Each structure stands twice: as C-alpha cells, then as structure tokens.
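Fold and geometry: a report
So you can see what is in the structure, the chains are spelled out below.
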Amino acid sequence: MNKSNRRKFIGTAAVLAVGTVAATAMPLTHTHKKYPVVHHVFFWLKNPDSKADRDQLIAGVKTLAKIETVGVLHVGVAASTEKRDVVDNSWAVSELMFFSDLEGQATYQTHPLHLEFIKNCSHLWEKVIVYDALEV
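So, here is what we can say about the structure in this document. (Residues numbered from 1 in each chain as written. Predicted model: local features only at pLDDT ≥ 70, side-chain atom pairs only at ≥ 80, totals over all residues. Heavy atoms only, no water.)

With that settled, consider the nonpolar core. Across soluble globular proteins, you tend to see nonpolar side chains buried next to one another. Core analysis: the largest hydrophobic core is formed by 19 residues, its most contacted members being Phe 43, Leu 57, Tyr 108 and Phe 117. Only strand 1 (37–45), helix 2 (51–63), strand 3 (93–99) and helix 4 (112–121) provide two or more residues apiece to this core. With four residues, the top contributor of residues to this core is strand 1. Dropping the residues within four chain positions of it, Tyr 108 is found in contact with His 39, Leu 64, Ile 67, Thr 69, Val 70, Glu 95, Met 97, Phe 99 and His 114. (Core = buried A, V, L, I, M, F, W, Y, C linked by side-chain atoms within 4.5 Å. Buried < 20%, exposed > 50% of the residue type's maximum accessible area, 1.4 Å probe, protein only. Helix = DSSP H or I, 4+ residues; strand = E, 2+ residues; numbered from the N terminus. Contact = heavy atoms within 4.5 Å.)

Inspection of every chain in the model, using the stated rule, returns six aromatic pairs. Both rings, one in Phe 43 and one in Trp 125, keep their centres 5.0 Å apart while their planes meet at 45°; by these two values the pair is tilted. Here Phe 43 is found in strand 1, whereas its partner Trp 125 is found in strand 4 (residues 125–134), with 82 residues between them in sequence. With a relative accessible area of 2%, Phe 43 lands in the buried category. Both rings, one in Phe 117 and one in Trp 125, keep their centres 5.6 Å apart while their planes meet at 35°; by these two values the pair is tilted. Here the aromatic cluster, defined as three or more aromatic residues joined through ring pairs, consists of Phe 42, Trp 91 and Tyr 131. If you follow Lys 127 out to its NZ or CZ, it ends over the ring of Trp 44, 4.4 Å from the centre. (Phe/Tyr/Trp six-rings, centres within 6.5 Å; stacked < 30°, edge-to-face > 60°. Lys NZ or Arg CZ within 6 Å of the ring centre and 35° of its normal.)

Structural measurements only, silent on function.
What follows is the structure in structure tokens.
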C-alpha cells in the first residue's frame, strides 16, 4: 500500500470509528432526557446453574416492555469483565427500565403485566435488589 492510499485508509477508519462512537452514544443522551426515571433490578436465581431458569426469567422480564409507561427496557446478564473489588457480577439477570416520570414508574408497579410477571417468575429467584434513580 503506498503512502497516499495508507493515509486515506487511516483517515477513513478514524472517521468511521468516531462516527460509530457518536452514533452509539446518541441513544443514551436521548434516553436520559426523555426518560429521567431509572429503575434497575438485579435478580439472583435459586438455581444459578440452570440455563432454563435464566431463560425463563429473561423471557418474563421482556414481557414487561408491553407496559405502556415503560419507555425503554434493557435486559442483561452479568458480563465477563475484569475482576475488581468494585464489580459485583454475582447476579444472574438485570432489568434496566426508563420512565418519563415517577407516575409512570408507579403505574408500572401495580400494572397487571408486572403482577403477572411476579406471579409467574418469582419462584425462579432467591434475591432481588432494586435501584431507582432520578436524573439530576
């Protein structure tokens, strides 16, 4: 590859990398302004080695996206990131929700789909921790 082509390739790669980072960051910027109420739930399974239990819980959590006041829903599992004292990856499934306001979050709590989820899936978990936050 000659120097001119190499410079063009490196320049194009740099522009694509910056554009990708910017595009990835944009939804988060939009999310926190439109949905300032954050509801983050961590579940520990009774049978942590059961893929079937984990998959059933994930499927149950995903049904909560149908609740009209849920603005955004992310469902995740613990990532295999670097082991550090400040990282807790002992949980099995995570539910991260965004709401437009506190009233919407309160509606979610008593919504029939949420109550059905608890009824159908609570036998799967041994521990649940919830963190609610409001954008400042």
